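# Tertiary structure, described
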Amino acid sequence: MIAYTAEVRGPGKSLALVPTMGALHEGHLSLVRKARIQCDVVVVSIFVNPTQFGPNEDFARYPRNPEQDFDLLESSKVHAVFAPSVAEVFPAGFSTFVDPGPLANVLEGAQRPGHFRGVATVVLRLFNIVRPDIAFFGQKDFQQVVIIRRLVEDLNLPVRIVVCPIVREADGLARSSRNVYLSAEDRKAAALVPRSLKHAEAMAQSGEAEAQQLVEDITKTIDAEPRVHLDYAAIVNPATLEPVALALPGSVALVAARLGTVRLIDNLIFGPPGSSPELRLQLALTTPTAEKDSGSSPRPEIDRLRLKIENCRDCAAVTSISLPPREFLFKYVKRDYPDLGAIRSLVIGGCAPISPDGSIYCHPDTPNPFSLRLYELLGVANFEEFTARFALTDAARCHALGNRVDERTLEYCARHLREEFKLFPNLQSIVILGEYAYSQFQRHILSRERGAIRPFMDLLKTDGWAQETVRLPWYGERDLQVLYCYHPTFENKKSPSLAAHLTASLG
Ligand code: AMP
């Protein structure tokens, strides 16, 4: 696997890892699908990790179904499956373990001592073997997600963690490899677990914010069914996993229950009525550790959204990022640009489209309002003429803030922009579309002080566009013509066609 990933990991290629314990179901496959969309190469690992099972737990009888797993992964078009033996992962003499600290001692950790030590250790080992750019985990194992994110943060692991919502059966039961062991009666009764969470959510939405009341309600619902034995129910701050007094948007209700010998876990993230699973994940994964949940009134959702993304690692942890942040243009370069040396102009837009479907590279033959106005601005007739001379990239690819792009996002994203410049050795000009790209270019590409930057609208006031000549030492010791103009989708102002200026700058 080390040799394989070294071979496939090329410049600009992104590598995904989806760690699993096999016995794959739709929950796992949702992660695989997300990984396929976001990354160039997808590796799925299948390893039933003995170190995360306690002595009296179900390691020996954990479901194993390798043939079916391989079939499913083959039809899901993953690039590689890593299914090592226990002796390979934990050879004789193995003795180093990761201690995830207090997060690992509560909830599941209290019921299953040593469980997360085993999880964190094997995940770190898998990360070091596969060295993925992005690793995909399910919200289903919420505490695991919190611990892995902490591990990545604390040990500076160079991987982004993407979290995907829970996939459920028709009656609400979370998909789990262990569901196959439920007897018919237990299977029926198991639906009570998600129902108890749903009921608590309905109470919360009708105004009951007291976590204790909600936990009592969950307990009451589950206790009504003698087949289901509740191990715990709790409502916690998702960053610290400590119980909260009030269930606010982003707080998480977690339950663990036993039916016969089968142990099930489930959770629910509280969110504004009607909010998507992705939004709820965003709220949970960006909740501050030291949230004051008592005394103060619940912060309106919009404030929360504003607070959300502090840096790109957080940003990549939420599922709404449908474009891989660094790798986007690289992906299309191979397909659309047979000769990178022919490209004379890099066009930098604002924020990459939330859905890849909105990108001109995804549907080159179907012009959209953006591409039509862009082509008009540049004086080209269609995608083919566009790709003969231009490449399009974006200032930012973080959608966590909706249409607002903050300073740190622009700063972070300038890194991948610099890499993209280097793809095209013969650039002569750069076209900057709109204010985000302008601000990023001035601050983080040209490294100008904020005070030295003329306001964008002021700069374009007279002619509707502006230009200057710059040098980017890391790109090459030669002049580049920069053309600044309004973003083509900007409703209020339109820049004149740049065709003549571009031709002039191309000589
Ligand atoms: P496991 O094989 O149970 O270790 O799960 C492998 C990955 O799949 C973990 O990141 C799980 O959280 C995720 N996963 C398991 N069940 C589901 C589900 N029902 N929905 C979404 N993700 C899931």
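Attention in this report is confined to the structure presented alongside it.

Reading the values: the criteria
Residues numbered from 1 in each chain as written. Predicted model: local features only at pLDDT ≥ 70, side-chain atom pairs only at ≥ 80, totals over all residues. Heavy atoms only, no water. Helix = DSSP H or I, 4+ residues; strand = E, 2+ residues; numbered from the N terminus. Expected span 1.5 Å × (residues − 1). Buried < 20%, exposed > 50% of the residue type's maximum accessible area, 1.4 Å probe, protein only. Contact = heavy atoms within 4.5 Å. Pairing = 2+ DSSP bridges. Axes fitted to C-alpha atoms, helices over the stretch in contact; angles between N-to-C directions. Near = heavy atom within 4 Å. Polar contact = N/O pair within 3.5 Å; in protein donor to acceptor, adjacent residues only side chain to side chain. Areas by Shrake-Rupley, 256 points an atom, 1.4 Å probe, with all protein chains shown as cover. Nonpolar A, V, L, I, M, F, W, Y, C, P; charged D, E, K, R; others polar.

A rise of 1.5 Å per residue sets the reference length of helix 2 (residues 26–38), with its 13 residues, at 18 Å; its end C-alpha atoms lie 18 Å apart and thus fit the reference within 8%. Among the residues making up helix 2, those that are buried are Gly27, His28, Leu29, Ser30, Leu31, Val32, Ala35 and Gln38. Turning to helix 2, the residues buried within the fold contact strand 1 (15–20), strand 2 (41–46), helix 3 (66–75), strand 4 (134–138) and strand 5 (160–164).

A few words on the sheet that holds strand 7 (residues 252–259). Strands sit in the order 6-7-8 across an open sheet of 3 strands; the sheet is antiparallel. The open sheet is flanked by strand 6 (228–236) and strand 8 (262–269), the only strands paired with a single partner. For this sheet the average axis-to-axis angle between neighbouring strands, irrespective of direction, equals 15°. Here strand 7 pairs with strand 8 via 8 bridges, running antiparallel. The residue bridging leucine 259 from the neighbouring strand is valine 262, located in strand 8.

The ligand sits among 17 residues. The nearest are Met21, His28, Gly138, Asp141 and Val167. Here an oxygen atom of the ligand sits 2.8 Å away from a polar atom, N or O, in the main chain of methionine 21. Between a nitrogen atom of the ligand and a main-chain N or O atom of valine 167, the distance comes to 2.9 Å. Out of a free accessible area of 480 Å², the ligand has 93% covered by protein chains. Sorting the residues of the shell around the ligand by element identifies strand 1, helix 2 and strand 4 as the ones contributing at least two each. Per element, the largest residue contribution to the shell around the ligand is 3 residues, and it comes from helix 2. Class assignment for the residues of the shell around the ligand results in 8 nonpolar, 6 polar and 3 charged.

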